[in-house]
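Tertiary structure, described
Below are the chains, spelled out letter by letter.
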Amino acid sequence: MWNCKYFYTGFALQYKIIVHLVQFTMIKAVIFDLDGVIVSTDEFHYQGWQRLADEEGIYFDRKINERLRGVSRLESLEIILERAVRKYNPKEKTEMADRKNKYYRDLLHTLAPDDVFPGVERMLKELNERGIKIAIGSSSKNTPFILEKIGMEGTFDAVSDGNQIKRSKPDPEVFLLAASKLNIPPGQCLVVEDADAGVEAAINAGMKCLAVGSARKNPKAHLGANNLTEITVEQLLQI
Ligand code: BG6
Ligand code: MG
């Protein structure tokens with residue numbers, strides 16, 4: 001009799017712990033990187049940097065450009081300057097970063113809602129229908145401008161971007177800020193990223209990660225895909 005009672009009490013306790021663990025690891029929010037995940041601004045970044053590098057006579061190509069994904073503007077410039085034949089002082093560096101940003105913003109003016117990547121709107125709608133929160137986690141200081149250009153300024157429950165952080169990816173700051181704005185623990189957040197630095201930032205934040213595009217083969221990500229058209233909302237939430 002007593003054995004039976006202890007057996008059922010033990011069973012109920014185990015059941016409660018399992019339910020708690022499942023709930024604790026359930027995805028409650030998805031944080032999207034912006035450039036290269038929601039919209040193809042990554043190509044404009046490349047064109048802006050290529051123009052600046054050509055003007056300065058610094059060698060730059062698409063392979064070097066891959067290292068700039070997810071990295072802040074000034075850190076990107078430092079990577080480009082690794083190939084420079086002379087040293088640049090802080091004032092010159094600020095001028096160069098501003099010049100590149102001007103070229104980049106000129107290109108951004110052509111951006112429109114049609115430029116949002118296929119699969120993005122469907123995914124956002126389906127997440128919304130399931131009560132999953134959605135946020136942006138981007139290193140870009142141009143995030144508000146880009147969201148406005150693609151008609152998504154009011155779409156996300158939270159926006160965490162380059163204007164609000166001190167350390168850019170692979171530091172987890174931008175994703176942790178998004179999670180705290182949503183009031184959801186990092187362990188219940190999933191990040192969608194196209195940059196290796198971003199995948200690392202998600203893992204450093206203790207979040208799950210779907211890697212797309214350039215980062216799709218990153219072994220640290222929990223799942224990889226070419227783009228969001230290949231992933232169902234169920235697959236995403238089961239990661
Ligand atoms: C990231 C891009 O989203 O934003 C990087 O992947 C870019 O390539 C960074 O350097 C900073 O962007 P911005 O718009 O502030 O110059
Ligand atoms: Mg990106």
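A brief look at the structure comes next. Since the model is a prediction, treat every value here as computed from it, not as a measurement.

Quick word on the pattern of salt bridges
Per the stated rule, a full pass over the model turns up 20 salt bridges. Ionic pairing is found between R99 and E55, a salt bridge with its closest N-O pair at 2.7 Å. Of the two residues, R99 sits in helix α5 (residues 90-108) while E55 sits in helix α2 (residues 41-56), which places them 44 residues apart along the sequence. With a relative accessible area of 18%, R99 lands in the buried category. The class of E55 is partly exposed, set by a relative accessible area of 40%. Its salt-bridge partner being R99, residue E95 comes within 2.9 Å of it at the nearest N-O pair.

Considering the packing of aromatic side chains
Taken as a whole, this structure holds two aromatic pairs when the rule is applied. Between the aromatic rings of Y46 and F60, the centroid separation amounts to 5.9 Å while the plane-to-plane angle is 25°, which identifies the pairing as stacked. Placement of the pair is Y46 in helix α2 and F60 in the loop between α2 and α3 (62-66), with a sequence separation of 14 residues. A relative accessible area of 4% places F60 in the buried class. The aromatic ring of Y103 is capped on one face by R51, whose charged end is 3.7 Å from the ring centroid. Cation over ring: R105 sits above F145, and NZ or CZ is 4.0 Å from the ring centre.

Cut-offs and rules
- Residues numbered from 1 in each chain as written.
- Chains lettered and ligands numbered in written order.
- Predicted model: local features only at pLDDT ≥ 70, side-chain atom pairs only at ≥ 80, totals over all residues.
- Heavy atoms only, no water.
- Salt bridge = Lys/Arg side-chain N within 4 Å of Asp/Glu carboxyl O.
- Helix = DSSP H or I, 4+ residues; strand = E, 2+ residues; numbered from the N terminus.
- Buried < 20%, exposed > 50% of the residue type's maximum accessible area, 1.4 Å probe, protein only.
- Phe/Tyr/Trp six-rings, centres within 6.5 Å; stacked < 30°, edge-to-face > 60°.
- Lys NZ or Arg CZ within 6 Å of the ring centre and 35° of its normal.

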